[in-house]
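# Working through the structure, step by step
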Amino acid sequence: MSDVRSRLEAVFALNSGFIGGEWTAGGSGRTIEVLDPASGERIGATPAMDARDVDRAVGVAHEAFREWRRTSAKERSVLLRRWRDLLEEHVETLARILTLEQGKPLQEARNETLQSMAYIEFFAEECRRLYGETIPANTRDRRLLVQREPLGVVGVISPWNFPSAMIGRKAGAALAAGCTVVAKPAAETPLSALALAILAEEAGIPAGVFNVVTGSGGELGAAFTANPLVTKISFTGSTPVGKRLARESADTLKHLSLELGGSAPFIVFDDADLELAVRGAMASKFRNAGQTCVATNRIFVQRGIADAFATRFAEEVRALRVGSGVEDGVQIGPLINESAAAQVSEMVSRAREQGAEVVVGDDPRTGAFVQPTVVTGVTDEMDLVNHEIFGPIAPISVFDTDDEVIERANATPYGLSSYFYTNDYRRIVRVSESLQYGMVGVNESLTTTEVAPFGGIKDSGYGREGSHYGLEEYTQLKFICIGGL
């Protein structure tokens, strides 16, 4: 165990990708610095790999697929379970790596590591239940069979806001299905992916089955879409980039899973449990400093309880502690970099100019840190609610009727996640069926779990991750007709 921990702790000085079971600097000779968002200081570096490195990794993964696809579900399950167990043994080390490169508080980093572990564990179990089908034949001399087969080489492009969990969710499903993986983590947060590669190697996952390339998203993403050996791309990131990947993948008709932007409404009806709604809004809005695609982007409160909700919510927000994620008691870490913080601060300034009131968080931005902020008097025309905020800013609007708030909540090109709070069972059915989102939380704001499908509609993308639906995304159906019987 100590040897593994030492390998993980050395990831900051590794300066390598992982291709075909070998640690390599790639062919470009260039590097990209990895910075601690809290201090701006350099904590490591990774190779700025190029298209040639991607093609090499894809070629290796393609060769490994020939054998990996033939392994039994039990064999894959055992290896994935070993990978999962190693994550559990090294939660603290993995959490510290994650916090230093991404900025989130250590407790959130621990939770994310456990989430990654949960996805790998679930797919280790679920791959043994990837069933086919026997179809009753139309004639007595035939048998009609349907089986699921792995797609092949999968390009995994993961985001910087959840650099561990997204690898676990995507790669865990792909490997369980019998696919091989070339993972491209975000340039800002590559170390967690490399740490997972260390543990995959220790778990005995064969060389070439799980690979990691590091570098610029634009260059490496284009290499994925251009390579005909890549049969599927799983991407989490912005809507514009997701649409570009879809266009570039058209010529080779790749399978795609696209988990893109969001603008989640959070609706509080006047019959809601006020304290439960406040706790839900806090969890949804401020987890990871608001840098999540399912974070509350627009809070709608019915007029009868608007003042009471805003008062309680503001009290809770004022109590949040901001600081470096490695400090005890910190609840809000830095944004990913100073540029992101500046953009979020500018959104608040613009809202104030448009007539909104900042009731909490009027302190200036410091470096990559943004104070948790509550903005009231927000209208649907303001820029603040017409863009994905991706920061600790909570805009509150008031509404009067159910039909009004449903129309306003749906008035966005995004359709990822939504939340509402009520104790009326009729309203629960009516509103949940009317919201145009892939996921709806009713009296609950932390809805993500490995056993349920995660994904959106409209400009939030398509495809599902997690659950048995997420496993099926990495397979294709084969129909076999046996005649002459």
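Everything below is about the structure shown above.
Here's a quick rundown of the structure. (Residues numbered from 1 in each chain as written. Predicted model: local features only at pLDDT ≥ 70, side-chain atom pairs only at ≥ 80, totals over all residues. Heavy atoms only, no water.)

### Observations regarding the overall build of the protein
For the protein, the count of helices and strands is 15 helices and 22 strands. Rg of the C-alpha trace for the protein: 23 Å, near the compact-globule value of 23 Å for 485 residues, within the 12% margin. Within the span of the protein, comprising 485 residues, buried residues form 55% of the whole. Long-range contacts, defined here as pairs at least 24 residues apart, represent 73% of the contacts in the protein between residues at least 6 apart. Carbon and sulfur atoms make up 49% of the accessible area of the protein, which totals about 19400 Å². Considering the protein, the positive charge centre built from 49 side chains and the negative charge centre built from 64 side chains are found 6 Å apart. (Helix = DSSP H or I, 4+ residues; strand = E, 2+ residues; numbered from the N terminus. Rg over C-alpha atoms; globule rule 2.2 N^0.38 Å. Buried < 20%, exposed > 50% of the residue type's maximum accessible area, 1.4 Å probe, protein only. Contact = heavy atoms within 4.5 Å. Areas by Shrake-Rupley, 256 points an atom, 1.4 Å probe, with all protein chains shown as cover. Lys, Arg positive; Asp, Glu negative; His and termini not counted. Charge placed at Lys NZ, Arg CZ, Asp CG, Glu CD.)

### Focus on the sheet that holds strand β14 (residues 357–360)
Strands sit in the order β14-β15-β16-β13-β12-β18-β19 across an open sheet of seven strands; the sheet is mixed. In the strand order of this sheet, the two ends are held by β14 and β19 (439–442), each with one partner. Averaged over all neighbouring strand pairs, the angle between strand axes comes to 25°, with direction disregarded. As paired elements, strand β12 (residues 264–268) and strand β18 (residues 417–421) share three bridges and run parallel to each other. Among the inter-strand pairings, I267 is bridged to a residue of β18, identified as F420. (Pairing = 2+ DSSP bridges. Axes fitted to C-alpha atoms, helices over the stretch in contact; angles between N-to-C directions.)

### Here we look at the pairing of strand β3 (residues 31–35)
Relative to strand β4 (residues 42–47), β3 is paired through five bridges, and the arrangement is antiparallel. Pairing of V34 across the sheet is with G44, part of β4. Between β3 and the antiparallel strand that follows it, β4, lie six residues; G40 among them carries a positive phi value of about 80°.

### Focus: the packing of aromatic side chains
Inspection of every chain in the model, using the stated rule, returns ten aromatic pairs. The interplanar angle of 75° and the centroid separation of 5.4 Å between the aromatic rings of F122 and F123 together place this pair among those described as edge-to-face. For F123, a relative accessible area of 0% gives the class buried. Members of the aromatic cluster, joined through ring pairs, are F266, Y419 and Y421. If you follow R169 out to its NZ or CZ, it ends over the ring of F454, 4.1 Å from the centre. Note that K232 overlies the ring of Y474, its terminal NZ or CZ placed 5.0 Å from the centroid. (Phe/Tyr/Trp six-rings, centres within 6.5 Å; stacked < 30°, edge-to-face > 60°. Lys NZ or Arg CZ within 6 Å of the ring centre and 35° of its normal.)

### Brief notes about the pattern of salt bridges
Taken as a whole and assessed by the stated rule, the structure comprises 36 salt bridges. With a shortest N-O distance of 3.1 Å, E149 and K478 are connected by a salt bridge. One end of the pair, E149, is in strand β6 (residues 143–150); the other, K478, is in strand β22 (residues 475–482), and 329 residues separate them in sequence. On the basis of relative accessibility, which here comes to 13%, the residue E149 falls in the buried class. Ionic pairing is found between E473 and K232, a salt bridge with its closest N-O pair at 3.8 Å. With a gap of 241 residues between them, E473 in the loop between α15 (467–472) and β22 and K232 in strand β10 (residues 230–236) connect regions that are remote in the sequence. (Salt bridge = Lys/Arg side-chain N within 4 Å of Asp/Glu carboxyl O.)

### Describing the state of the cysteines
Counting across every chain of the model gives zero disulfides. Its sulfur unpaired, C127 is 12 Å from the next cysteine sulfur, which belongs to C179. (Disulfide = S-S within 2.5 Å.)

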